[in-house]
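What follows is the residue order along each chain.
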Amino acid sequence: MRAVQVSRLDGPEAVRVVELDEPAGDGAVVVDVYAAGVAFPDALLTRGLYQHKPELPFVPGAEAAGVVRSAPAGAQVSAGDRAAALTMLSGGMAQVIALPPEQVFPLPDTVSFEAGAGLLFNDLTVHFALTQRGRLSDGETVLVHGAAGGIGTSALRLAPALGAARTIAVVSTQDKADIARAAGATDVVLADGFKEAVRDMTAGSGVDIVVDPVGGDRFTDSLRSLAPGGRLLVVGFTGGDIPTVKVNRLLLNNLDAVGVGWGAWAMSHPGYLAHQWSQLQPLLAAGTIAPPQPEVYSLQRAADAIAALENRSARGKVVLRMRD
Ligand SMILES: NC(=O)c1ccc[n+]([C@@H]2O[C@H](COP(=O)([O-])OP(=O)(O)OC[C@H]3O[C@@H](n4cnc5c(N)ncnc54)[C@H](OP(=O)(O)O)[C@@H]3O)[C@@H](O)[C@H]2O)c1
């Protein structure tokens, strides 16, 4: 089979497409992969900058979609089923993958392989962020940073279905504003001056939740953009710097700064992934949550696809087509 491989930690440009042996499938669900998702951690992995540091050489990729080749008894999929799969940390960018049954889910017929390869990692993170950690209630307003990225577009797609009345997208360029609108944003503002724009468009009252995969120097303005009782969800740090918070701001306005570590939660709570999928799958199948509209790269262009996350040029979710 063909697979994407990282053999030295010199960034996305050093990634190669290679021939590897297919994995053995003992006790696992074996999936013939048609598309694989690309996420920000993949770019970090190519430089050894992610908290998870697999031994070299390794195959990157947290998620994929395809057709089940074989599955053990008791799995929620059988041979021939369309499926979406979570490798979680690495291993997804290969034409055949073998995974524990609890990490492979039936993919609704309405969702293409390319969209299916781009939904589990972000949608399950965002579902965990908004429900379990953020306590999103009906009618609330959600501000989304990095709104044209993978987590950002996922938050824009899911928040209304989970009860939000309004989503405000924060992006760096007008080009990315179009991506955020296509993902369903009610309003879009530029990162530069977002605090003032949000104050104006909420008549001074602020937002209930901030979804923040960016961090860096906008953190304090995010806290200032929250209504009393608001929650700032710490999802990631694509901006580079890990912000610090003066906790008097939390006290003064009854705010929560909330950590969102979905992978660690899912791995330490057996059955949680299945619970999440049981909530999201009907919404996806019914079209209440639209599938992602990924930017698709050929397998040969894997290095460019991963680089797009690192150099900030990615538009929406990025996905690799794994077969012609
Ligand atoms: N906590 C969890 O459980 C969990 C799960 C999955 C992912 N994550 C994290 O979530 C973050 C987002 O992942 P993603 O896949 O959505 O990434 P992505 O598609 O690249 O989107 C990230 C967004 O960050 C913004 N950004 C601001 N400064 C940037 C910079 N210097 N370089 C690159 N992007 C920058 C960009 O938007 P603008 O250009 O519009 O500013 C970009 O669209 C990552 O840190 C990832 O590790 C966390």
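Each value, and the rule that gives it
- Residues numbered from 1 in each chain as written.
- Predicted model: local features only at pLDDT ≥ 70, side-chain atom pairs only at ≥ 80, totals over all residues.
- Helix = DSSP H or I, 4+ residues; strand = E, 2+ residues; numbered from the N terminus.
- Rg over C-alpha atoms; globule rule 2.2 N^0.38 Å.
- Buried ≥ 20, exposed ≤ 12 C-beta atoms within 10 Å, placed from the backbone.
- Contact = placed C-beta atoms within 7 Å.
- Core = buried A, V, L, I, M, F, W, Y, C linked by C-beta atoms within 7 Å.
- Domains from an automatic or database assignment.
- Near = placed C-beta within 6 Å.
- Nonpolar A, V, L, I, M, F, W, Y, C, P; charged D, E, K, R; others polar.
- UniProt positions renumbered as here; feature names shortened; annotations may be inferred.
- Pairing = 2+ DSSP bridges.
- Axes fitted to C-alpha atoms, helices over the stretch in contact; angles between N-to-C directions.
- Parallel < 35°, antiparallel > 145°, perpendicular 65-115°, else oblique.
- Left-handed = near helix turned anticlockwise from the far one by under 90°.
- Right-handed = clockwise from strand over helix to strand, strands pointing away.

### Some details on the overall build of the protein
Then, number 1: Along its length, the protein carries eleven helices and 15 strands.
Then, number 2: Expected size for 324 residues packed as a compact globule is a radius of gyration near 20 Å; at 19 Å, the protein falls within 12% of this value.
Then, number 3: Principal-axis analysis of the C-alpha atoms places the extent of the protein at approximately 60 × 40 × 35 Å.
Then, number 4: Within the protein, the proportion of its 324 residues that are buried is 49%.

### Brief notes about the environment of Gln293
Then, number 1: Its location among the elements puts Gln293 in the loop between helix H10 (272-285) and strand S14 (295-298).
Then, number 2: In this structure the C-alpha to C-alpha distance between Gln293 and Ala115, which are 178 residues apart in sequence, comes to 6.3 Å.
Then, number 3: Excluding residues within four positions of it along the chain, Gln293 makes contact with Ala182 and Gly316.

### Some details on the nonpolar core
Then, number 1: The biggest cluster of nonpolar side chains holds 105 residues, and the ones touching the most others in it are Val31, Ala35, Ala65, Ala83, Ala85, Ala169 and Ala180.
Then, number 2: Shared between two domains, this core takes at least three residues from each, and those domains are domain 1 (2-118 + 292-321) and domain 2 (122-263).
Then, number 3: If near-sequence neighbours (up to four positions away) are discounted, Ala169 is found in contact with Val144, Ala147, Leu156, Ala180, Ala185 and Val188.

### Notes on the site of the ligand
Then, number 1: Surveying the vicinity of the ligand reveals 30 residues, the closest of which are Phe40, Gly146, Gly149, Gly150 and Gly236.
Then, number 2: Only helix H1 (40-45), helix H3 (120-133), helix H4 (150-161) and helix H9 (262-268) provide two or more residues apiece to the shell around the ligand.
Then, number 3: Among the residues making up the shell around the ligand, the classes are represented as 16 nonpolar, twelve polar and two charged.

### A look at the UniProt feature "domain: Enoyl reductase (ER)" (unreviewed entry) in the protein
Then, number 1: Following the UniProt record, one finds the feature "domain: Enoyl reductase (ER)" (unreviewed entry) at residues 7-320.
Then, number 2: End C-alpha atoms of residues 7-320 are separated by 19 Å, and the span's content is 30% helix alongside 24% strand.

### Some remarks on the sheet that holds strand S12 (residues 226-234)
Hydrogen bonds between backbone groups are what pair the strands of a sheet, and the pairing can be parallel or antiparallel.
Then, number 1: What the six strands build is an open sheet, ordered S10-S9-S8-S11-S12-S13; its pairing is parallel. Strands with a single pairing partner mark the edges of an open sheet, and in this sheet they are strand S10 (187-190) and strand S13 (256-259). Taking each pair of neighbouring strands and ignoring which way they run, the sheet shows an average axis angle of 20°.
Then, number 2: For strand S8 (residues 141-144) and strand S11 (residues 207-212), the ladder comprises three bridges, and the chain directions are parallel. Counted as the bridge partner of Val142 is Ile209 from S11.

### What about the packing of H3 against H4?
Then, number 1: Closest axis-to-axis distance for the H3/H4 pair is 9 Å, and the angle between their directions is 60°. Taken together, the axis directions place H3 and H4 in an arrangement best described as oblique. Regarding H3 and H4, the two cross each other, and that crossing is right-handed. On H4, the residues that touch Asn122, Asp123, Thr125, Val126, His127 and Leu130 of H3 are Gly150, Ile151, Ser154, Ala155, Leu158 and Ala159.

### So, the pairing of S8
Then, number 1: Of the two faces of S8, the one carrying Thr141 and Leu143 and the one carrying Val142 and Val144 are both buried.
Then, number 2: Bridging between S8 and strand S9 (residues 166-171) involves four bridges; their strand directions are parallel. Considered in S9, the bridge of Val142 is made with Thr167.
Then, number 3: The parallel pair S8 and S9 is bridged by H4, and the resulting crossover is right-handed.

### Looking at the domain arrangement of the protein
By convention, interface size is frequently given as the accessible area that disappears when the constituent parts associate.
Then, number 1: Annotation of the protein at the domain level lists domain 1 (2-118 + 292-321) and domain 2 (122-263).
Then, number 2: The centre of domain 1, based on its C-alpha atoms, is set 27 Å off from the matching centre of domain 2.
Then, number 3: Tallying the contact residues gives nine residues for domain 1 and eleven residues for domain 2.
Then, number 4: In the side of domain 1 that touches domain 2, the residues fall into five nonpolar, two polar and two charged.

### Here we look at unusual backbone geometry
Then, number 1: Cis geometry is adopted by the peptide bond preceding Pro57, which originates at Leu56 and carries an omega value of -15°.
Then, number 2: Phi at Asn254 takes a positive value of approximately 55°, unusual for a residue other than glycine.
Then, number 3: Here Asn254 lies in the loop between helix H8 (248-253) and S13.
Then, number 4: Classification of Asn254 as exposed rests on a count of 11 C-beta atoms within 10 Å.
Then, number 5: Backbone geometry places Arg312, a non-glycine residue, at a positive phi of 75°.

### Here's the deal with the pairing of strand S15 (residues 318-321)
Then, number 1: Relative to S15, strand S3 (residues 29-38) runs antiparallel, the two sharing four bridges. Bridge pairing in S15 places Ala35 opposite Arg321.
Then, number 2: Of the strand pairs in this sheet, S14 and S15 are connected by four bridges, and their pairing is parallel. Within the sheet, the bridge partner assigned to Val296 lies in S15 and is Val319.

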